[in-house]
Amino acid sequence: MFELRRLRMLHEFALRGTLAAVAEALSYSPSTISQQLDQLEKDAAVPLFVADGRRLRLTEHGELLAAYAERALDEDERVRGELEALRPGAAPVRVALMQTAALALLPDALALLAAREPDLRLEAAAVPPEEGLFELSARRFDLVVAEQYPGHTRAHRDGLTRRILGRDPIRLAVPRGDRARGLRDLADRPWVLEPEGTAARQWAVQQCRAAGFEPDVRYALPDLTAHVGLVAAGRAVAMLPDLVWAGARPPVRTITLPDAPTREVFVATRAASGTRRRVGAVVDALADALTARTSAVAGGGRGGASA
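Chains are numbered independently. Their residues run from 1 in the order of the written sequence. Totals for whole chains, interfaces and linings use all residues, but because this is a predicted model, local features are given only for residues with pLDDT of at least 70 and pairs of side-chain atoms are given and counted only at 80 or more. Only hydrogens and water are removed before side-chain values are computed, so all heavy atoms of the structure are retained for them.

## Describing the overall build of the chain
Now for step 1: Helix and strand assignments come from DSSP, with helices taken as H or I runs of at least 4 residues and strands as E runs of at least 2, each series counted from the N terminus. Scanning the chain from N- to C-terminus turns up 10 helices and 11 strands.
Now for step 2: For the chain, the spread of C-alpha atoms along the principal axes amounts to about 70 × 50 × 30 Å.
Now for step 3: Looking at the chain as a whole, 45% of its 307 residues are labelled buried.
Now for step 4: Residue contacts are counted whenever heavy atoms from the two residues lie within 4.5 Å of one another. Here the analysis covers contacts within the chain between residues at least 6 apart in sequence; of these, 76% occur between residues at least 24 apart. Exposure is judged per residue with a 1.4 Å probe applied to protein chains only, and the accessible area is read against the type maximum: over 50% gives exposed, under 20% gives buried, and values in between give partly exposed.

Okay, here's the thing in structure tokens:
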């Protein structure tokens with residue numbers, strides 16, 4: 001018999017690659033992680049780790065047991081979901097959201113859940129999609145709200161499922177009073193974009209290149225509210241999704257891009273969470289919140305010139 005807590009540590013090591021990273025993720029000391037994995041190795045009676053320079057890596061036996069650990073954790077989650085259905089409110093639902101979803105969807109989703117599931121405890125954190133999807137596999141979160149930009153699909157991870165919540169229009173953002181009509185008018189302007197390596201940054205740069213110029217990216221910031229501030233102050237131009245306004249009137253002028261591009265907003269969960277009714281209730285509330293938000297924007301009609 002293998003202790004599930006030790007199997008969880010092995011699973012984390014297989015994902016993260018170092019004892020220090022496992023210790024940080026699980027809030028233990030590195031020495032505790034090392035001791036527990038040593039004991040797991042004794043229980044297995046085969047070598048699970050081998051030195052690789054100054055680090056450790058899994059042996060073939062270690063990889064086999066790590067795969068078993070993932071299956072065991074999935075089965076544990078399914079059983080807990082069935083128990084939770086008999087004893088509502090037994091466990092919180094942990095949610096990771098990209099920043100715009102936290103701004104625009106979380107308050108409305110919480111209001112819906114207060115009426116539908118008053119005993120549900122929801123714990124939320126604003127986390128970039130790349131990190132959130134990784135941590136979902138590592139069981140730090142129960143569901144993740146993320147996005148995909150046109151032509152930039154995110155890799156699918158084994159054991160995770162997705163549900164499309166809706167689409168979020170992306171528009172140019174320029175200072176009020178700016179006379180620009182489209183991308184080509186912004187070729188010589190300073191830009192604020194998300195950091196290198198993000199899907200949003202890659203997509204925005206490609207749009208500029210398709211318009212015939214390389215953007216002068218002077219500001220690389222992960223916080224989209226900082227983008228809004230720079231644009232409103234007349235210091236930069238940007239490409240921003242509608243959800244960033246969270247239903248309020250933008251303090252900038254927005255311009256519709258060619259072909260009216262949208263990003264796909266989706267929620268990812270572990271397949272093993274299928275028995276957790278309250279995880280499904282949170283997904284439904286987020287979907288309803290996005291539908292209401294996009295309907296309100298469409299009904300109000302967002303101004304701005306077409307590119």
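## Brief notes about the pairing of strand β5 (residues 143-148)
Now for step 1: For β5, the tally of buried residues reaches 6 of 6 residues, placing the bulk of the element in the interior.
Now for step 2: Both faces of β5 are covered, namely the face carrying L143, V145 and E147 and the face carrying V144, A146 and Q148.
Now for step 3: Strands are labelled as partners when DSSP assigns at least two bridges between them. As judged from the 3 bridges shared by strand β3 (residues 93-97) and β5, these two strands associate in the parallel manner. Across the sheet, V95 pairs through a bridge with L143, a residue of β5.
Now for step 4: In this sheet, strand β11 (residues 262-270) lies alongside β5 in antiparallel orientation, the contact comprising 6 bridges. Counterpart to L143 in the pairing with β11 is T269.

## Brief notes about the nonpolar core
Now for step 1: Side-chain atoms within 4.5 Å link the members of a nonpolar core, which is a set of buried Ala, Val, Leu, Ile, Met, Phe, Trp, Tyr and Cys residues. One finds L143, V145, L165, V282 and L286 to be the most contacted residues of the largest nonpolar core, which totals 26 residues.
Now for step 2: Those elements giving two or more residues to this core turn out to be β3, α5 (99-104), α6 (106-116), β5, β11 and α10 (277-300).
Now for step 3: Per element, the largest residue contribution to this core is 9 residues, and it comes from α10.
Now for step 4: Among the nonpolar cores identified, the runner-up in size contains 21 residues, and Y149, A204, V205 and V237 belong to it.

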